[in-house]
Amino acid sequence: LSILLILLVPAHTTRSPDCGGILTPSGLRYLAEVSKPHAESVLRKDLMAPPAPDPSPATPNSRSQIISVKVDKFSLTLIPDTGMRLSIEVDLGTTSDPSTTKEMRLSILAELHVEMNPEGNLELVTSDCKPTLEEVQSTEELDRSAPHKPSGSDVDKQINVEKICLEVSKLLLFPNERLMSLAAPFPITPNCQVQYLPLAAPMYSEQGIIISLQTTFQVAGTAIPLPVSPVPFSMPEPARSSPSHLILALSEHFLISLFSALEKSGALNVSLLSSLTTATLAERITQMGSLFQEDLPVVLQAVPRSSPHVVLEEDKAIVELFLTAQIGTGSSLFQSFLSVNVDVTARLHLSVADTRMIISVAAIEDIKLSLATSDVGPILAALLEELFLPTIREEVPAQLNAVLRQGISLPHIASFTYTDVNITIHKDYVLIPCNLQHEARTR
């Protein structure tokens, strides 16, 4: 049993969230607002379709037809600990002949929640649905004193109540195929991808719908092992309701994993062309003069010697890079003549464009250069710093920013982008309140 428990513990620790989001009540109201025209289009298509032929030979032309569909009310509200409530009121215009029109009111009240299906994808599910149909107004000579529900009317027969309830989730702009897009892989570099996997069905609190996600990275199509977070991450809930539609949270471990994935993909390998040549280097280090018969440019080829580290403090994000730089000639066949260790501490700047977080090196805070081999005396350390630190200080940020400038896709669903973003960096996590912006597809 103890052996079995030892085997199970690592599997459990790797299934822990490192980022997530809270869809607020404001966000739900926005989703309802942008879903209203979509719902009207879907209902118009379903309800105004030509009716099936009446098998009864009697009065073949007396069936009522729906000639207009207008969604008057469309709301989506949060039910803490349970899910969401969808409320729809639809005005229907019906006629059985050119001289007779009726206005009907179709009301739909549905309870919705999001489940995780066996494939590991989030799925919008209808748990309860209650449609009602009432007559509001008629041009016929009927008692108009009060609305009433027509019993067994032709309109009742034409509206397939069971179908409406079965497909009520399709009236929203985030049906299940869009929810599945949350877990789609997104490229970071040509051979590195990121993917956000939901760990469980969302939770529902007064602050909103809370989704916990685990990030995985792939290099050349293969998932790579990442360092395990020593502290499980949980979504920090705001103390009061937020005016933003969505609050994203990224843990410190998320950023450490990102830079580790970039390191394993080779994206942090840099080649730095210095302003020195072998001739100018020989003027300062006389031993170099006997190594080269011609004057060649001096190049530094740096690779990480261990995984990068990210530290989040209040209003500050720091990355620490641990590089080994081979110093050699810039000929077609690189020849190294010296190896140095370079430790770079840089401050990061975070921003969001569309649905991507843009990370850039804002400033180099510290650089330490030390000899990686003992083939030369330590007295050269100060001279090497003088010769190569300016190149490292200028070129390392420039090359890192060239890698990072495309950004990393944040968790999102298709056809929605982020606006009004306000990033705040806290100890151990980054908070990103933002609003949703629906991008209508153009044909």
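Bear in mind that the values here come from a model prediction, so they are computed numbers and not experimental data.

1. What to know about the overall build of the protein chain
Within the protein chain one finds eight helices and 21 strands. Taken over 443 residues, the protein chain has a buried fraction of 47%. Long-range pairs, those at least 24 residues apart, make up 65% of the contacts in the protein chain with a sequence separation of at least 6. Of the accessible surface of the protein chain, which amounts to about 22,500 Å², a share of 54% is contributed by carbon and sulfur atoms.

2. Regarding the packing of aromatic side chains
Counted by the stated rule, this structure contains two aromatic pairs. Judged by centre distance (5.5 Å) and plane angle (70 degrees), the ring pair of Phe-292 and Phe-337 falls under edge-to-face. With Phe-292 in the loop between α7 (278-284) and β13 (297-304) and Phe-337 in strand β16 (residues 335-353), the pair connects residues that are 45 residues apart, well separated along the chain. As far as the burial class goes, Phe-292 and Phe-337 line up, both buried.

3. Describing the pattern of salt bridges
Summed over all chains, the structure comprises seven salt bridges. Residue Glu-111 is joined to Arg-85 by a salt bridge in which the shortest nitrogen-to-oxygen separation is 2.9 Å. Of this pair, Glu-111 sits in strand β4 (residues 100-116) while Arg-85 sits in strand β3 (residues 83-97), placing them 26 residues apart in sequence. The exposure class of Arg-85 is partly exposed, given its relative accessible area of 33%.

4. Side note on the confidence of the model for the protein chain
Averaged over every residue, the pLDDT of the protein chain is 84; the share at 70 or more is 86%. Contacts from residues 1-13, a stretch scored under 50 in pLDDT, to residues over four places away or in other chains number one contact. For residues 141-152, every residue scores under 50 in pLDDT, and the model assigns this stretch 15 contacts once sequence neighbours within four places are set aside.

5. Quick notes on the nonpolar core
Among the nonpolar cores identified, the biggest contains 119 residues, and Leu-92, Phe-388 and Ile-392 are the most heavily contacted of them. When residues of this core are assigned to domains, at least three fall in each of domain 1 (25-48 + 65-137 + 159-180) and domain 2 (182-426). Residue contacts for Ile-392: discarding those within four places in its chain leaves Leu-272, Leu-300, Val-342, Ile-367, Leu-369 and Pro-397. Judged by nonpolar contacts, the second largest core, of seven residues, contains Ile-210, Phe-233, Met-235 and Leu-431.

6. Quick word on helix α6 (residues 252-265)
The first and last C-alpha atoms of α6 sit 20 Å apart over 14 residues, in line with the 20 Å expected at 1.5 Å per residue. With 13 of 14 residues buried, α6 lies mostly within the body of the structure. Gly-266, located one to two residues past α6, shows a positive phi value of around 90 degrees.

7. Concerning unusual backbone geometry
Not every positive phi belongs to a glycine, and Asp-315 is a case in point at roughly 65 degrees. Looking at where Asp-315 falls in the secondary structure, it is placed in the loop between β14 (309-313) and β15 (316-329). In this model, Ser-415 sits at a positive phi of 75 degrees, which is unusual for a non-glycine residue. By the element assignment, Ser-415 lies in the loop between β18 (408-409) and β19 (416-419).

8. Topic: the environment of Ile-188
Secondary-structure assignment places Ile-188 in strand β6 (residues 186-189). With sequence-adjacent residues up to four places away left out, Ile-188 is seen in contact with Gln-193, Val-194, Phe-217, Leu-258, Leu-262, Gln-406, Gly-407 and Ile-408.

9. Section: the side chain of Ser-339
Position of Ser-339 among the secondary structure elements: in strand β16. Judged by relative accessible area, Ser-339 falls into the buried class, the value being 8%. Side-chain polar atoms of Ser-339 contact the side chain of Gln-326, separated by 3.3 Å.

10. Structural notes on empty space enclosed by the protein
Applying the stated rule across the entire model yields two cavities of 30 Å³ or more. Here the largest cavity defines a volume of roughly 430 Å³. Considering the residues around the largest cavity, the lining is formed by 24 residues, among which Leu-23, Leu-179, Ile-211, Leu-246 and Ile-413 are closest to the centre. Elements that contribute at least two residues to the lining of the largest cavity include exactly β1 (19-23), α2 (25-47), β9 (208-219), β11 (246-251) and β19. The element best represented in the lining of the largest cavity is β1, accounting for four residues.

11. A word on the side chain of Thr-189
Topologically, Thr-189 is positioned in strand β6. In this view, Thr-189 contacts Leu-262, Ser-265, Ala-267 and Val-403; residues no more than four positions away in its chain are not counted.

Cut-offs and rules
Residues numbered from 1 in each chain as written. Predicted model: local features only at pLDDT ≥ 70, side-chain atom pairs only at ≥ 80, totals over all residues. Heavy atoms only, no water. Helix = DSSP H or I, 4+ residues; strand = E, 2+ residues; numbered from the N terminus. Buried < 20%, exposed > 50% of the residue type's maximum accessible area, 1.4 Å probe, protein only. Contact = heavy atoms within 4.5 Å. Areas by Shrake-Rupley, 256 points an atom, 1.4 Å probe, with all protein chains shown as cover. Phe/Tyr/Trp six-rings, centres within 6.5 Å; stacked < 30°, edge-to-face > 60°. Salt bridge = Lys/Arg side-chain N within 4 Å of Asp/Glu carboxyl O. pLDDT = per-residue confidence, 0-100. Core = buried A, V, L, I, M, F, W, Y, C linked by side-chain atoms within 4.5 Å. Domains from an automatic or database assignment. Expected span 1.5 Å × (residues − 1). Polar contact = N/O pair within 3.5 Å; in protein donor to acceptor, adjacent residues only side chain to side chain. 1 Å grid on protein atoms, 1.4 Å probe; cavity = no way out; pocket = protein on both sides within 12 Å on 5 of 7 lines; lining within 4 Å. Points joined across faces, edges and corners; volume = space filled by probe spheres on them.

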